[in-house]
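Each chain, written out:
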Amino acid sequence: MATASFIVDPAHQGKGIGRALGEYVIDWCLSRRFRGIQFNAVVESNRAAVQLYRSLGFEVIGTVPEAFDHPDEGLVGLHVMYLRLNPAAGSYV
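The paragraphs below set out a description of the structure included in this document. Sequence order sets the numbering: in each chain, residues are counted from 1 along the sequence as written. Where local features are concerned, this predicted model is filtered to residues with pLDDT of at least 70; where side-chain atom pairs are given and counted, the filter is 80 or more; whole-chain, interface and lining totals use all residues. Side-chain metrics in this entry use all non-hydrogen atoms of the structure; hydrogen atoms and water are not considered.

## Section: the overall build of the protein chain
Part 1 of the argument: Going along the chain from the N terminus, every DSSP run of H or I of four or more residues is numbered as a helix, and every run of E of two or more is numbered as a strand. What the protein chain contains, in helices and strands, is 2 helices and 5 strands.
Part 2 of the argument: In the protein chain, the succession of α and β elements from N to C terminus is β-α-β-α-β-β-β.
Part 3 of the argument: Two things to know: the radius of gyration comes from C-alpha atoms, and the globule rule equals 2.2 Å times the number of residues to the power 0.38. Relative to the globule expectation of 12 Å for 93 residues, the C-alpha radius of gyration of the protein chain, 14 Å, shows essentially globular dimensions.
Part 4 of the argument: Based on the C-alpha atoms only, the size of the protein chain along its principal axes is roughly 45 × 30 × 15 Å.
Part 5 of the argument: By the burial criterion, 34% of the 93 residues in the protein chain qualify as buried.
Part 6 of the argument: Total accessible area on the protein chain stands at roughly 5,900 Å², and carbon and sulfur atoms take up 52% of it.
Part 7 of the argument: Counted as positive: Lys and Arg. Counted as negative: Asp and Glu. His and the chain ends are not counted at all. One atom stands in for each charge, and that atom is NZ of Lys, CZ of Arg, CG of Asp or CD of Glu. Distance between charge centroids for the protein chain: 14 Å, based on 8 positive and 9 negative side chains. Only protein chains enter the area calculation, which uses a 1.4 Å probe; residues under 20% of their type maximum are buried, those over 50% are exposed, and those in between are partly exposed. Surface accessibility in these figures is a Shrake-Rupley result with a 1.4 Å probe; residues are shielded only by whichever protein chains are displayed.

What follows is the structure, encoded as structure tokens:
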């Protein structure tokens, strides 16, 4: 099982950097025959990140309620997101 975390500087969001990082992580993990990737702490109010990871095939498998103190939204949950990989086929499920 692989785990990954990254953040894009707000000044550079919307330029495809997050997608490029996500695709790189998936390719890297497949090339090393990992069977899955998890993100342990995706802030649920970060809708752009959640949407991006979903578009890459990740799913929310759980949420820790009120685990992050957002400066504008107060206490919000942290998602655990997971992507199952199939290294034998070089793809993800």
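## A look at the pattern of salt bridges
Part 1 of the argument: Here, a salt bridge means any side-chain nitrogen of Lys or Arg that lies within 4 Å of a carboxyl oxygen of Asp or Glu. Scanning the model with the defined rule gives 1 salt bridge in all.
Part 2 of the argument: Note that R47 and E73 form a salt bridge whose closest N and O atoms lie 3.9 Å from each other. In this pair, R47 is assigned in helix 2 (residues 47-55) and E73 in the loop between strand 3 (59-70) and strand 4 (74-86), connecting sequence segments 26 residues apart.
Part 3 of the argument: Among the residues examined, R47 registers a relative accessible area of 55% and is labelled exposed.

## Section: the packing of aromatic side chains
Part 1 of the argument: Side-chain rings of Phe, Tyr and Trp, where Trp is taken by its six-membered ring, are said to pair if the distance between their centres is within 6.5 Å; with planes under 30 degrees apart they count as stacked, over 60 as edge-to-face, and otherwise as tilted. Scanning the entire structure with this criterion turns up 6 aromatic pairs.
Part 2 of the argument: Pairing F6 with F39 gives two aromatic rings, centres 5.8 Å apart and planes at 90 degrees, and the pair type is edge-to-face. Residue F6 is located in the loop between strand 1 (2-3) and helix 1 (17-31), and its partner F39 is located in strand 2 (residues 36-43); the two are separated by 33 residues in the primary sequence.
Part 3 of the argument: Ring-pair connections join several aromatic residues into one group, and the members of that group are F6, F39, Y53 and F58.

## A word on the environment of H79
Part 1 of the argument: Locating H79 in the fold gives a position in strand 4.
Part 2 of the argument: H79 sits in the buried class, given a relative accessible area of 11%.
Part 3 of the argument: In this structure the C-alpha to C-alpha distance between H79 and R47, which are 32 residues apart in sequence, comes to 11 Å.
Part 4 of the argument: In contact with H79, not counting residues within four places along its chain, are F39, N40, A41, V42, E44, V50, V60, G62 and T63.
Part 5 of the argument: Two N or O atoms count as a polar contact when they lie within 3.5 Å, although within protein this holds only if one can serve as hydrogen donor and the other as acceptor, and sequence-adjacent residues are included solely when both atoms are side-chain atoms. Among the polar contacts listed, one links the side chain of H79 to the side chain of T63, at a separation of 2.7 Å. Only heavy atoms matter for contacts: two residues are in contact if any of them lie within 4.5 Å across the pair.

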